[in-house]
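# Survey of secondary and tertiary structure
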Protein chains: 2
Amino acid sequence: MENGSTPNWLKQRAFLTPNRIALISSIKQYTFQELWERTKSIAGKIKTATLHAESWCMGLLIKNTEQSVLLIHALQQLGISAVLLNNKLSAKELDFQLNDMGLKMVIYDESFQGKINELASWNSNVNMLSISTLQTFNETPFEQIETFSFEKVCSVMYTSGTTGKPKGVLQTYGNHWWSAIGSSLNLGLHEKDMWLCAVPLFHISGYSILMKSVIYGMPVRLYESFDVSEINYELKQGKVTIMSVVTNMLNRMMNELRAGDSYHENFRCMLLGGGPAPLPLLETCKERNIPVFQTYGMTETSSQIVTLSPEYSISKLGSAGKPLFPAEIKIMKNNKRALPYEEGEIYVKGPNVTKGYYKREEANENSFVGEWFQTGDIGYVDEEGFLFMLDRRSDLIISGGENVYPAQIEETLLSYPTVMDVGVVGIPSSKWGEVPCAFVVTKQKNVSEEELLLHCRQHLASYKTPKKFIFVDELPRNASNKLLRRVLKDWWKKELNQE
Amino acid sequence: MENGSTPNWLKQRAFLTPNRIALISSIKQYTFQELWERTKSIAGKIKTATLHAESWCMGLLIKNTEQSVLLIHALQQLGISAVLLNNKLSAKELDFQLNDMGLKMVIYDESFQGKINELASWNSNVNMLSISTLQTFNETPFEQIETFSFEKVCSVMYTSGTTGKPKGVLQTYGNHWWSAIGSSLNLGLHEKDMWLCAVPLFHISGYSILMKSVIYGMPVRLYESFDVSEINYELKQGKVTIMSVVTNMLNRMMNELRAGDSYHENFRCMLLGGGPAPLPLLETCKERNIPVFQTYGMTETSSQIVTLSPEYSISKLGSAGKPLFPAEIKIMKNNKRALPYEEGEIYVKGPNVTKGYYKREEANENSFVGEWFQTGDIGYVDEEGFLFMLDRRSDLIISGGENVYPAQIEETLLSYPTVMDVGVVGIPSSKWGEVPCAFVVTKQKNVSEEELLLHCRQHLASYKTPKKFIFVDELPRNASNKLLRRVLKDWWKKELNQE
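Please read all numbers here as calculations on a predicted model, not as lab measurements.

Thresholds, definitions, all that
- Residues numbered from 1 in each chain as written.
- Chains lettered and ligands numbered in written order.
- Predicted model: local features only at pLDDT ≥ 70, side-chain atom pairs only at ≥ 80, totals over all residues.
- Heavy atoms only, no water.
- Helix = DSSP H or I, 4+ residues; strand = E, 2+ residues; numbered from the N terminus.
- Rg over C-alpha atoms; globule rule 2.2 N^0.38 Å.
- Buried < 20%, exposed > 50% of the residue type's maximum accessible area, 1.4 Å probe, protein only.
- Areas by Shrake-Rupley, 256 points an atom, 1.4 Å probe, with all protein chains shown as cover.
- Lys, Arg positive; Asp, Glu negative; His and termini not counted.
- Charge placed at Lys NZ, Arg CZ, Asp CG, Glu CD.
- Phe/Tyr/Trp six-rings, centres within 6.5 Å; stacked < 30°, edge-to-face > 60°.
- Lys NZ or Arg CZ within 6 Å of the ring centre and 35° of its normal.
- Domains from an automatic or database assignment.
- Contact = heavy atoms within 4.5 Å.
- Buried area = accessible area lost by both parts, 1.4 Å probe.
- Salt bridge = Lys/Arg side-chain N within 4 Å of Asp/Glu carboxyl O.
- Polar contact = N/O pair within 3.5 Å; in protein donor to acceptor, adjacent residues only side chain to side chain.
- Pairing = 2+ DSSP bridges.
- Axes fitted to C-alpha atoms, helices over the stretch in contact; angles between N-to-C directions.
- Nonpolar A, V, L, I, M, F, W, Y, C, P; charged D, E, K, R; others polar.
- Parallel < 35°, antiparallel > 145°, perpendicular 65-115°, else oblique.
- Left-handed = near helix turned anticlockwise from the far one by under 90°.
- Core = buried A, V, L, I, M, F, W, Y, C linked by side-chain atoms within 4.5 Å.
- Right-handed = clockwise from strand over helix to strand, strands pointing away.

Turning our attention to the overall build of chain A. A tally of helices and strands in chain A yields 15 helices and 28 strands. Here the C-alpha radius of gyration of chain A, 23 Å, is about what a compact globule of 499 residues would show, namely 23 Å. Overall, the C-alpha framework of chain A stretches about 65 × 55 × 50 Å when taken along its three principal axes. Split into buried and exposed, the 499 residues of chain A put 63% on the buried side. Carbon and sulfur atoms provide 49% of the accessible area of chain A, an area that totals close to 20000 Å². Separation between the mean location of the 52 positive side-chain charges and that of the 55 negative ones in chain A comes to 1 Å.

Now the structure itself:
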């Protein structure tokens, strides 16, 4: 066999350990054999749905339900790449992705019927299929895939850049495989492992847990929503051993736990992604003996690529750690490798790194230097090689674990007739980590915050809507007219002091 | 990065976890950082030794010492493929391998000086370098290898076939990588794991433990010899969690343990290779709560490819288990896939399977059918897919974990002037599992067992020397003159009853 393929994951897993538990939701649980049988059934129904509209990819607008898990596996069984649509996006934002991918079909959870109706009204050629309608279909036989080729695209997830144009990140079977293997070499692999998934399945954070499940033969405890007290209760029971969180989730979990309270000793890894963690939070976890693994990763690296073990969480405070075994990082400054402690752009390399963005030749050319991917993030490494992140791509806002790109919000506000210029930055929020704040220059005096807010709500996911509008006469720009976001952050601090 | 490479293993491991223990011998222990520094030093000395005699490969005639571990890693650092010479072979047998590989240099442990003197007398062009002489060399700087390419040959180990001509099995970095990963997905990976190595480093069983050590970041407890009572004592201490054994070793360990005695509860895996295990041994282990993982593998699969978990050790008694996650097996009969329970030849497929034998075009053509490798072994799978081996390549004898090929012994005896015909089969031995027994037809009456034994000792490793000679008038052959070894086994049983 080629180095570049493995047996079909779910099929092989169901063959090797049919009776192990694969998935536990609030309602029921499946063994790998049951998951395999149910997946084949759903795949047969999708085959029926696509008989006259075959395509290499398909949109999924889903929630964290067992049905969604089946859909994700079923598309793999049919060799169809899944385009994971972020269900928090507005219909307009989703519309862009539909057209960018040229989707012919979207399978959706009924709870998004409203967005789907809007999308359908603009895209009469796209087949919108609800999960419950799909269930009524007959099953058409399909050829079982024996081998997953590492080069083949498994999933597509959209991410935005500084330009504001979202780009579809192509994640191959190889990317997911190596991500799972790299993680296991770092975190270890125990027979009793169970991974709690309360992060979205449409994000790499959630999707990657499903891949680990079939590759490791490990049960996933799936939560449809992030119910803090229920999850805290679960972690005290000793069944869940690993959980993926972002700072905001962990914060809320720690606040809900009573003083001196902790989790079961079986719980061995709180995998923390989505931006640097604040010191007090890490200290709280340390006091409670909760092992936090800080990580650095992105959609383009198919989950974490750098991780800090708990043994270093205090001595290397603020560090994201070292690369996974199959991966590498380097810091580049002025096209040279930076010295220890010297700031520069973070480059990453490894078999878990995307092969590129869909139909974005220019971005692909700009993002890769040989095998190295330029993250756009700024950081440094110390003399031992531990990575310290200074800034997510200078302007990126991470709000409750979601990436928010100022450029998109700025574009939206600029499309409003009376707005002349806009600059958006992240400002601290105790609940979400950061939230967007817009500095607005208007053409006339009588523009109200309310009308701008309404406009944003019509075009943007609610987590992207600025939580604060500040009207100014002019924006700070440098000689080449580049917006100076750091100055805006200073302005916000002054504003705060005046309030 | 390509799917087909990883960062340099030892270098990456020393970078990621410099302070973890890498190697513990009876004398001292090394962290990965120390192992890396010492390895670089030895590599620099080898570089000096090869300045005027570069070659893609080098012979190693070594024992299970820390020096040997350094040599193995040092050759990887220089990009030189290691030809692992079996130190139990006779000088004549080694000579064949030297010439077959075209070796220019052999680094050897002083304890094999006798064999080396013989080899040197026949191969004046081969540089024979003892480890202690190597130690006195200066270090020549060499370029560090950043990436291990999966296609590159890492090691070569000789194995024989039914024809009696030993063949060099090419094991790539990819083979070793995938073997380690496949094993970890099956056995799990614990932070406290420590693997005891008392199997030879020149065999894949031992060599593969060293590769797992750097890939997992796991210490190896290395034993120079198989000291039963010392090892039994070690396994009671709770530091060692995994050990590789063959049936004969496990038998001796169980015999040495006092009644009712067992190992520490941390000891979680006795990885048993080298042929089917007898039921009483498995039952003894079960009574003592010693978790035995039976395996099936060979030099060509770079360690085990099929493994039976202890949970099945009784319900699937006699089975070797199911394939590792990245691998597959099938049973072929008359060029068709056999039904469950139908006997046939075992075919294996996976990224841990060798890409072929060195300079053996015909054998390579005969051994591979597409991506499938024909093992020559006979077995069947049950309806759940568990493999049951019936016969190692009909004639293979496994004596104390070593493969013994009758054809080679027959060839040796046939070269003796008064011998006319010979047939060799394995006969049961309580100590070694099996030992070779030779049925001999002589040209005249007065040939003695003693002279045949002497002849064999001059040409064969001692474990290959027949432990029994039986003089007969004729050998049982079928119409096409093929030796009927099963009849010889029956003859042995009759002989036994007469004694």
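Taken as a whole, this structure holds 30 aromatic pairs over all chains when the rule is applied. Through pairs of rings, three or more aromatic residues link up here, namely W9(A), F148(A), F150(A), Y173(A), W177(A), W178(B) and F325(B). In this arrangement the basic side chain of K88(B) is found over the ring face of Y463(B), its NZ or CZ atom lying 5.8 Å from the centre. Cation over ring: R221(B) sits above Y223(B), and NZ or CZ is 4.1 Å from the ring centre.

The next thing to look at is the domain arrangement of chain A. Residues and elements named next belong to chain A. Each assigned domain of chain A is listed with its residue range as follows: domain 1 (5–149), domain 2 (175–391) and domain 3 (397–498). A separation of 37 Å is found between the C-alpha centroids of domain 1 and domain 3. The interface is formed by six residues belonging to domain 1 together with nine residues belonging to domain 3. Approximately 560 Å² of surface area, both sides summed, lies buried where domain 1 meets domain 3, with 39% of it carried by carbon and sulfur atoms. Contact with domain 3 buries area across many residues of domain 1, yet K88, K92 and E93 alone supply 70% of it, more than any other trio. On the surface where domain 1 and domain 3 come into contact, there are two salt bridges. Residues K464 and E93 are paired through a salt bridge, measuring 2.6 Å at the closest nitrogen-oxygen approach. Along the contact surface separating domain 1 from domain 3 lie eight residue pairs in polar contact (both at pLDDT 80 or more).

Right, let's get into the environment of I72(A). All names here are of chain A. Mapping I72 onto the fold places it in helix α3 (residues 66–78). A residue is classified by how much of its surface remains accessible, and I72, at 0% relative accessible area, is buried. C-alpha separation for the pair I72 and F388, spaced 316 residues apart in sequence, amounts to 35 Å. Contacts of I72, omitting those with residues within four sequence positions, involve L60, I62, L84, L201, Y207, L210 and M211.

Time to look at the sheet that holds strand β9 (residues 153–159) of chain A. Residue and element names in this part refer to chain A. Reading across the sheet, the six strands line up as β7-β6-β4-β5-β9-β10 and stay open at both edges, with mixed pairing between neighbours. What marks the edges here is a single partner per strand, and that holds for β7 (127–130) and β10 (167–172). Across the sheet, the mean angle from the axis of one strand to that of its neighbour is 25°, orientation sign disregarded. With four bridges joining them, strand β4 (residues 57–61) and strand β5 (residues 81–84) adopt parallel strand pairing. Paired with M58 across the two strands is A82, which belongs to β5. Against the sheet, α3 contacts β4, β5, β6 (105–108) and β9, and its axis sits at roughly 180° relative to β4. In the packing of helix α7 (residues 173–187) onto the sheet, the strands contacted are β9 and β10, and the crossing angle to β10 comes to about 65°.

Attention now goes to the pattern of salt bridges. All names here are of chain A. One pass over the full model with this rule turns up 31 salt bridges over all chains. Two residues, K489 and E434, come together in a salt bridge whose shortest N-O distance is 3.9 Å. Of this pair, K489 sits in helix α15 (residues 485–498) while E434 sits in strand β27 (residues 433–442), and the two are 55 residues apart along the sequence. Looking at K489, the relative accessible area reads 32%, which means it is partly exposed. One network of salt bridges, in which partners are shared, links K316, D382 and E384.

Residues and elements named next belong to chain B. The strand order across the open sheet formed by seven strands is β7-β6-β4-β5-β9-β10-β21, and the pairing between neighbours is mixed. What marks the edges here is a single partner per strand, and that holds for β7 (127–130) and β21 (356–357). Here strand β6 (residues 105–108) runs beside β7; their pairing, made up of four bridges, is parallel. Bridge pairing in β7 links Y108 to S130. Along the sheet, helix α7 (residues 173–187) contacts β9 (153–159) and β10 (167–172); its crossing angle with β10, the most-contacted strand, is approximately 65°.

Moving on, we get to unusual backbone geometry. The phi angle at N334(A) is positive, at roughly 50°, despite the residue not being glycine. Backbone geometry places S303(B), a non-glycine residue, at a positive phi of 100°. Classification of S303(B) as buried rests on a relative accessible area of 10%.

It is worth spelling out the interface of chain A and chain B at this point. Where the parts come together, the accessible area they lose is often given as the size of the interface. At the interface, 42 residues of chain A touch 42 residues of chain B. For the interface between chain A and chain B, the tally reads 10 residue pairs in polar contact (both at pLDDT 80 or more). Secondary structure elements with two or more residues in the side of chain A that touches chain B: β1 (5–7), α1 (9–16), α7, α8 (204–216) and β17 (319–323) of chain A. The element contributing the most residues to the side of chain A that touches chain B is α7(A), with seven residues. Here the residues of the side of chain A that touches chain B are counted per class, giving 22 nonpolar, 10 polar and 10 charged.

With that out of the way, let us pick up the packing of helix α4 (residues 91–101) of chain A against helix α5 (residues 113–122) of chain A. All names here are of chain A. Their axes nearest at 9 Å, the elements α4 and α5 cross at an angle of 50°. Between α4 and α5, the angle is such that the two are oblique. Read as a crossing pair, α4 and α5 show a hand that is right-handed. Side by side, α4 and α5 meet where A91, K92, L94, D95 and L98 of the first sit next to K115, E118, L119 and W122 of the second. By residue class, the composition of the contact of α4 with α5 is five nonpolar, no polar and four charged.

Once that is clear, we can look at the nonpolar core. Among the nonpolar cores identified, the biggest contains 188 residues, and M243(A) and M243(B) are the most heavily contacted of them. With residues up to four places along the chain from it excluded, the contact list for M243(A) reads W195(A), L196(A), A198(A), F226(A), I231(A), L235(A), M249(A), M253(A), F267(A), C269(A), M270(A) and L271(A).

All names here are of chain A. Most of strand β14 (residues 269–273) sits inside the fold, with five of its five residues counted as buried. Bridge analysis of strand β13 (residues 242–246) against β14 gives five bridges, and the strand direction is parallel. The residue bridging V246 from the neighbouring strand is G273, located in β14. Where the polypeptide runs from β13 across helix α10 (residues 247–256) and back to β14, its parallel neighbour, the crossover connection is right-handed. Here β14 pairs with strand β15 (residues 292–298) via three bridges, running parallel. Among the inter-strand pairings, L271 is bridged to a residue of β15, identified as F293.

The subject of this paragraph is the environment of Q77(B). All names here are of chain B. Its location among the elements puts Q77 in helix α3 (residues 66–78). Since its relative accessible area comes to 1%, Q77 is described here as buried. Sequence separation between Q77 and I145 is 68 residues, and the spatial gap between their C-alpha atoms is 6.3 Å. Those residues in contact with Q77 that sit more than four places away from it in its chain are N8, L10, W36, T39, A43, F142, E143, I145 and F148. Here N8 takes part through its side chain, which lies 2.6 Å from a polar atom of the side chain of Q77.

Below, the discussion takes up the pairing of strand β22 (residues 372–381) of chain A. Residue and element names in this part refer to chain A. With eight of 10 residues buried, β22 lies mostly within the body of the structure. Pairing analysis gives four bridges linking strand β20 (residues 344–349) to β22, with the strands arranged antiparallel. When the sheet's bridge partners are listed, V348 is paired in β22 with F373. As defined by bridge partners, strand β21 (residues 368–369) adjoins β22 across two bridges and the pair is classed as antiparallel. Within β22, the position partnered with V369 by the bridge is W372.

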